[in-house]
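# Working through the structure, step by step
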Amino acid sequence: MKYSPTDGRWTSLPSAEGLKQVQKLMDEQTYEQNKEALKLFLCAYFSTGKCTHKQGKSISPIGSTPKGGKILKVRWGLPGQGKSGGLRLAVVAYCEEKRVVIADAFLRNTDPDNDDFFSAVQSLP
């Protein structure tokens, strides 16, 4: 089944400090364009299966939540930041519900490990 951004619900946690940092780096239009591009990118991933596989170096499933969400480590490039720039997003996908929660975003230079991603999703119900 092919998904589009309007098929689901998209939220980010108020504790996602990395998103606030990125928003400050961009003007509003660029930020909104990047949000929509990320949604399309994730929809393409969800359209290929059940959120259980790795997609190159961009999306890596690393676990699940007690409520059945898939914890994904998503690598997302930022405009003008080069290959080493960008974000690492802690995303929880509830594939059956077509719901995505961005738990946090880490600037690439912080080099988060899996424990950072698991900590980011701890506040989810």
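Reading guide: rules and limits
- Residues numbered from 1 in each chain as written.
- Predicted model: local features only at pLDDT ≥ 70, side-chain atom pairs only at ≥ 80, totals over all residues.
- Heavy atoms only, no water.
- Pairing = 2+ DSSP bridges.
- Helix = DSSP H or I, 4+ residues; strand = E, 2+ residues; numbered from the N terminus.
- Axes fitted to C-alpha atoms, helices over the stretch in contact; angles between N-to-C directions.
- Contact = heavy atoms within 4.5 Å.
- Core = buried A, V, L, I, M, F, W, Y, C linked by side-chain atoms within 4.5 Å.
- Buried < 20%, exposed > 50% of the residue type's maximum accessible area, 1.4 Å probe, protein only.

## Considerations on the sheet that holds strand E4 (residues 87-94)
One open sheet accounts for five strands, arranged E1-E5-E4-E3-E2; its pairing is mixed. Edge positions in the sheet fall to strand E1 (9-12) and strand E2 (59-64), since each has one partner strand and no second. On average, adjacent strands in this sheet sit at an angle of 25 degrees to one another, irrespective of strand direction. Strand direction decides the pairing type here: E4 and strand E5 (residues 99-107), joined by eight bridges, are antiparallel. In the sheet register, Tyr94 faces E5, and the bridge partner there is Arg99. Packing of helix H1 (residues 17-25) onto the sheet brings it into contact with E1, E4 and E5, and relative to E5 it is tilted by some 70 degrees. Lying on the sheet, helix H2 (residues 28-46) is in contact with E1, E2, strand E3 (70-76), E4 and E5; it crosses E3 at an angle near 130 degrees.

## Points about the nonpolar core
Phe46, Leu72, Val74 and Leu89 are the most contacted members of the largest nonpolar core, which totals 24 residues. Among the secondary structure elements, those contributing two or more residues to this core are H1, H2, E3, E4 and E5. At six residues, the largest contribution of residues to this core is made by H2. Excluding residues within four positions of it along the chain, Phe46 makes contact with Tyr3, Trp10, Cys51, Leu72, Ala93 and Val100.

## Looking at unusual backbone geometry
If you check the backbone angles, Lys98 has positive phi at about 55 degrees while not being a glycine. Looking at where Lys98 falls in the secondary structure, it is placed in the loop between E4 and E5. Overall, the relative accessible area of 28% leaves Lys98 in the partly exposed class.

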